[in-house]
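# Structural features, examined
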Amino acid sequence: MGQCFPKLWFLSKLVASFKSVKDDDDSGHHVEFAGKNVHLITTRESWDQKLSEAIRDDKIVIANFSASWCGPCRTVAPFYIDLSEKHPSIMFLVIDVDELTEFSTSWDLKATPTFYFLRNGQQFDRLEGANKPELQKRIAAIMVETTPSG
């Protein structure tokens, strides 16, 4: 449900898009993907900083690997932003695969969007595609798991 492309096509499109994005003026490029409590990751350093912050604050991280040209990514982006507002105890990140090509390929992406769930810097879950109900279900499970009983 809601995946942009198979892996081989993804890699060729990723390389072509990376070249064209660098030649274009992409001001405002990320407007619909980040905002509110969703942090846009544009460098490896910003990734490391946010991950360290999440570990320090004992937060779960959801990293959304997406692309501006991907229809399902654009469709799920407002929902992802809404989820970030409803769940401030989770750190929501978005990584544009065209901006961080080398970093993105190190995550074994097969489609965009792909959501990686991290605890203490380690992946514990993954969701491929713009499946809003499943994304919401997984976040609800995290909230139950991390809510102190008492």
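First, a word on what this report is: a plain description of the structure on this page. (Residues numbered from 1 in each chain as written. Predicted model: local features only at pLDDT ≥ 70, side-chain atom pairs only at ≥ 80, totals over all residues. Heavy atoms only, no water.)

### Notes on the side chain of Lys50
Inclusion rule: The helix and strand labels rest on DSSP assignments: H or I over at least four residues marks a helix, E over at least two residues marks a strand, and numbering proceeds from the N terminus. Contacts are assigned to residue pairs with any non-hydrogen atoms lying within 4.5 Å of each other.
Its location among the elements puts Lys50 in helix H2 (residues 44-56). In contact with Lys50, not counting residues within four places along its chain, are His39, Ile41, Met91 and Leu93.

### Notes on the packing of aromatic side chains
The cut-off we apply is this: The aromatic pairing rule takes the rings of Phe, Tyr and Trp, using the six-membered ring of Trp, and pairs them if the centres are within 6.5 Å, calling planes under 30 degrees apart stacked, those over 60 edge-to-face and the rest tilted. Residue burial is assigned from relative accessible area. The probe radius is 1.4 Å, only protein chains are included, and a residue is buried under 20% of its type maximum, exposed over 50%, and partly exposed in between. Throughout this description, the term charge over a ring refers to an Arg CZ or Lys NZ atom that lies within 6 Å of the ring centre and within 35 degrees of the ring normal.
Counted according to the given criterion, the structure contains 10 aromatic pairs. With a centroid separation of 5.0 Å and 55° between ring planes, the pair formed by Trp47 and Phe103 is classed as tilted. You can see Trp47 sitting in helix H2 and its partner Phe103 sitting in helix H4 (residues 101-105), a full 56 residues away along the chain. Per residue, the accessibility class of Trp47 equals that of Phe103, and both read buried. Through a chain of ring-to-ring contacts, the aromatic side chains of Trp47, Phe65, Phe103, Trp107 and Tyr116 assemble into a single cluster. Stacked on the ring of Phe124, the Lys or Arg Arg119 has its end atom at 4.1 Å from the ring centre.

### Concerning the sheet that holds strand S2 (residues 60-66)
Short version of the rule: Two strands make a pair as long as DSSP finds a minimum of two bridges between them. Axis angles are defined between N-to-C directions and span 0 to 180 degrees, where every axis is a line fitted to C-alpha atoms and, for a helix, only to the segment in contact.
Across the sheet, five strands lie side by side as S1-S3-S2-S4-S5; this open sheet has mixed pairing. Both edges of this open sheet fall to strand S1 (38-41) and strand S5 (122-128), since each of them pairs with a single strand only. Direction aside, neighbouring strands of the sheet carry axes that sit 25° apart on average. Its contacts with the sheet place helix H5 (residues 132-146) against S2, strand S3 (90-96), strand S4 (114-119) and S5, and it is angled at close to 155° to S5.

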